[in-house]
Amino acid sequence: MKYELVIFDCDGVLVDSEPIANRVLRDALADEGLEMSLSDVIAEFVGLSMTSVVKRSEELLGHSLPEDFLDRVQAETFEVFHRELVAVEGIHDVVAYLQEQGIKSCVASSGDFSKMEVTLGLTGLKEDFDGRIFSSSQVSRGKPWPDLYLFAANQMGVDPALCLVVEDSLPGVRGAVAAGMDVLAYSVRGECDGLLKAGGLVIRRMTEVLDHLS
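This is a predicted model, so every value here is computed, not measured. (Residues numbered from 1 in each chain as written. Predicted model: local features only at pLDDT ≥ 70, side-chain atom pairs only at ≥ 80, totals over all residues. Heavy atoms only, no water.)

Novice: So what exactly am I meant to see when it comes to the sheet that holds strand β6 (residues 201–203) here?
Specialist: What links the strands of a sheet is backbone hydrogen bonding, and the strands pair in either a parallel or an antiparallel sense. Sheet architecture is open: 6 strands sit in the order β3-β2-β1-β4-β5-β6, paired in parallel fashion. Whereas interior strands pair on both sides, the edge strands pair on one side only; in this sheet they are β3 (133–135) and β6. Strand after strand, the sheet turns through a mean of 25 degrees between neighbouring axes, direction not considered. Pairing analysis gives 3 bridges linking strand β5 (residues 182–186) to β6, with the strands arranged parallel. By the bridge assignment, A185 is partnered in β6 with V202. Helix α8 (residues 170–178) rests against β4 (163–167) and β5 of the sheet, and its axis sits at about 170 degrees to β5. (Pairing = 2+ DSSP bridges. Helix = DSSP H or I, 4+ residues; strand = E, 2+ residues; numbered from the N terminus. Axes fitted to C-alpha atoms, helices over the stretch in contact; angles between N-to-C directions. Contact = heavy atoms within 4.5 Å.)

Novice: Is there a simple way to explain helix α2 (residues 38–45) in this structure?
Specialist: Every α-helical turn comprises 3.6 residues, leaving residues that sit three or four positions apart pointing alike. Among the residues of α2, those classed as buried are V41, I42 and F45. Down the axis of α2, the buried set is contained in an arc of 100 degrees. They therefore lie on one face. On the buried face of α2, the contacting elements are α1 (18–31) and α3 (50–61). G47, located one to two residues past α2, shows a positive phi value of around 95 degrees. (Buried < 20%, exposed > 50% of the residue type's maximum accessible area, 1.4 Å probe, protein only. Arc of directions from axis to C-beta.)

Novice: Whenever I open this one, the side chain of D128 confuses me. Can you help?
Specialist: Topologically, D128 is positioned in the loop between α6 (113–122) and β3. The side chain of D128 sits in the buried core without any salt bridge; R132 is the nearest counter-charge, 6.6 Å away. For D128, the contacting residues outside a window of four places in its chain are V95 and Q99. (Lys, Arg positive; Asp, Glu negative; His and termini not counted. Salt bridge = Lys/Arg side-chain N within 4 Å of Asp/Glu carboxyl O.)

Novice: What is the right way to read the pattern of salt bridges from this model?
Specialist: Side-chain pairs of opposite charge can arise where the charged atoms are in close proximity. Summed over the entire model, instances satisfying the criterion amount to 14 salt bridges. Among the ionic pairs, R56 bridges to E59, the shortest N-O distance being 3.2 Å. Of this pair, R56 and E59 both sit in helix α3, separated by 3 residues, roughly a single helical turn. We classify E59 as partly exposed; its relative accessible area is 47%. Between K126 and E117 there is a salt bridge; the shortest N-O distance is 2.5 Å.

Novice: What am I meant to see in the side chain of N22 here?
Specialist: Along the polypeptide, N22 turns up in helix α1. With relative accessibility at 5%, the residue N22 sits in the buried group. Beyond its immediate stretch of four places on either side in the chain, N22 contacts L38, V41, I42 and V46.

Novice: Can you help me understand the layout of surface pockets in this one?
Specialist: The method is simple in principle: a probe with the dimensions of a water molecule rolls over the atoms, and the space it marks as empty is what remains. There is about 690 Å³ of room inside the largest pocket. Taken together, the elements giving at least two residues each to the lining of the largest pocket come down to α1, α3 and α4 (69–84). In terms of residues, the lining of the largest pocket owes the most to one element, α4, which gives 6 residues. Here the residues of the lining of the largest pocket sort into 11 nonpolar, 16 polar and 10 charged. By volume, the second largest pocket is sized at about 190 Å³. What lines the second largest pocket is a set of 15 residues, and nearest its centre among them are D16, E18, P19, V188 and R189. (1 Å grid on protein atoms, 1.4 Å probe; cavity = no way out; pocket = protein on both sides within 12 Å on 5 of 7 lines; lining within 4 Å. Points joined across faces, edges and corners; volume = space filled by probe spheres on them. Nonpolar A, V, L, I, M, F, W, Y, C, P; charged D, E, K, R; others polar.)

Novice: Explain the pairing of strand β2 (residues 104–109) to me, please; I cannot follow it from the model alone.
Specialist: Within a regular strand, side chains alternate between the sheet's two faces. By the criterion of burial, β2 is predominantly enclosed, with 5 of the 6 residues buried. Inspection of the sheet shows strand β1 (residues 5–8) paired to β2 by 4 bridges, in the parallel sense. Note that in β2 the partner of V6 across the bridge is S105. Across 3 bridges, β2 lies against β3 in parallel orientation.

Novice: Explain the nonpolar core here, please?
Specialist: Buried together is how nonpolar side chains tend to be arranged in soluble globular proteins. Counting residues in hydrophobic clusters, the biggest one holds 48 residues, and the most contacted among them are F8, L14, I91, L125 and M206. In contact with F8, other than residues within four places in its own chain, are V13, L14, I91, V94, L98, S105, C106, V107, A108, F129 and V166. (Core = buried A, V, L, I, M, F, W, Y, C linked by side-chain atoms within 4.5 Å.)

Novice: Any chance you could explain the packing of aromatic side chains here in plain terms?
Specialist: Geometry of an aromatic ring pair is reported as the spacing of the ring centres plus the angle between the planes. Applying the stated criterion across every chain, the model contains 3 aromatic pairs. Geometrically, the ring pair formed by F8 and F129 is edge-to-face, given 5.9 Å between the ring centres and 75 degrees between the ring planes. In this pair, F8 sits in strand β1 while F129 sits in the loop between α6 and β3, placing the two residues 121 residues apart along the sequence. In terms of burial, F8 and F129 fall into one category: buried. (Phe/Tyr/Trp six-rings, centres within 6.5 Å; stacked < 30°, edge-to-face > 60°.)

Here's what the structure looks like:
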């Protein structure tokens, strides 16, 4: 096999959470006076940590958001997750193949651990990555910086050059490329050109990951 480790982003790659989370975020920002279309929210915030989302939102608003903004957004998001969240189509097959072949895998996400506990748990993926889940909260700089990917590779004991990253956002692809890793860019939002320019190899079905392992 060409790679010793496959590093997965979480939101939009393992779990189909982006449509839900972005819808809730759009509505919450509108309540605070920042009107954005869903496509604008996706373009502006996908791939960023919630801390970065708040910082950028406050820049656009010109003033601070309420102190409980993040807590309220997370509570509403989790409520909808419990009703609607599913795994990304094909990801269970990909994970099973990696396990069969003895290829290491892990998660490296801008999301915090409490969120991944919920999303991976609801979709039956938590046990597949137990002890191999990493968050941007563990590094000083999140995506698009390479720090999280390099941290994950180090924790897994694998040279970055032998890692394959599966991402779905521009910040994620840029960070993985900066880490010296090959990147498959899962594109379901029509961002193919941007993902390609950032250095990702675009795939449109998650099972295409299997075609790039050897």
